[in-house]
Amino acid sequence: MANLEGIRTGRHCVSALHAHLVFVTKFRHRVFDDRHLARMEEIMRSVRADFETELVEFNGENNHVHLLVNFPPKVALAKLVNSLKGVSSRRMRQEFPDLVRHYYRANKLWSGSYFAGSMGEAPLSVVRQYIEQQNRPV
């Protein structure tokens, strides 16, 4: 085994599960700048610790974020997504009152939908590079 990056070992299993997640803002409003995305990454990293997952890569643009997550088999991806979106929405709206003006009709930061793609070993570096190269707003 030449490359062990992303390999997890548990008591009864060995796994390499990665997911590419994309969350889009409600109504696709362009609300994020660099300070929002920097704080969003901190929040996402704190939430992921509760699920024993690893946030391999994070980046975004003004109306969506990309996450590359390494997770153990015991984690239900839908529960992880629900927690990431819920906690980040609540904290971001509390810490950045300027975001609230975009959501006067629906008190939510994120759209109800999301993208989750499973990643194999071969395209992992390509997905990571794609996320790194997002046009992060200044």
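It should be noted that the structure appears before, not after, this text.
This structure is a prediction, so every number in the text was calculated from the model and none was measured.

Analysis parameters
- Residues numbered from 1 in each chain as written.
- Predicted model: local features only at pLDDT ≥ 70, side-chain atom pairs only at ≥ 80, totals over all residues.
- Heavy atoms only, no water.
- Phe/Tyr/Trp six-rings, centres within 6.5 Å; stacked < 30°, edge-to-face > 60°.
- Helix = DSSP H or I, 4+ residues; strand = E, 2+ residues; numbered from the N terminus.
- Lys NZ or Arg CZ within 6 Å of the ring centre and 35° of its normal.
- Contact = heavy atoms within 4.5 Å.
- Buried < 20%, exposed > 50% of the residue type's maximum accessible area, 1.4 Å probe, protein only.
- Polar contact = N/O pair within 3.5 Å; in protein donor to acceptor, adjacent residues only side chain to side chain.

1. Observations concerning the packing of aromatic side chains
- Summed over the entire model, instances satisfying the criterion amount to three aromatic pairs.
- Arranged with centres 6.5 Å apart and planes meeting at 90°, the rings of Phe23 and Tyr114 form a pair that is edge-to-face. Residue Phe23 is found in strand S3 (residues 17–25), and its partner Tyr114 is found in strand S6 (residues 110–119); the two are separated by 91 residues along the sequence.
- Pairwise contacts between aromatic rings join Phe23, Phe32, Trp110 and Tyr114 into one cluster.
- Seen from the ring of Phe27, Lys26 lies directly overhead, with NZ or CZ sitting 5.6 Å from the centre.
- Sitting over the ring of Phe23, Lys85 keeps its end group 5.8 Å from the ring centre.

2. Digging into the environment of Val75
- With respect to the element layout, Val75 can be found in the loop between strand S5 (64–71) and helix H2 (77–95).
- In this structure the C-alpha to C-alpha distance between Val75 and Glu52, which are 23 residues apart in sequence, comes to 8.4 Å.
- Residues in contact with Val75, not counting those within four places in the same chain, are Phe51, Thr53 and Leu80.

3. Points about the side chain of Ser88
- By the element assignment, Ser88 lies in helix H2.
- Looking at Ser88, the relative accessible area reads 0%, which means it is buried.
- Of note is the side chain of Ser88, whose polar atom sits 3.2 Å from the backbone oxygen of Lys85.
- In this structure the side chain of Ser88 is engaged in a polar contact, spanning 2.9 Å, whose partner is the side chain of Trp110.
- Once residues within four sequence positions are removed from consideration, Ser88 is found in contact with Met40, Ile43, Met44, Ser83, Leu109 and Trp110.

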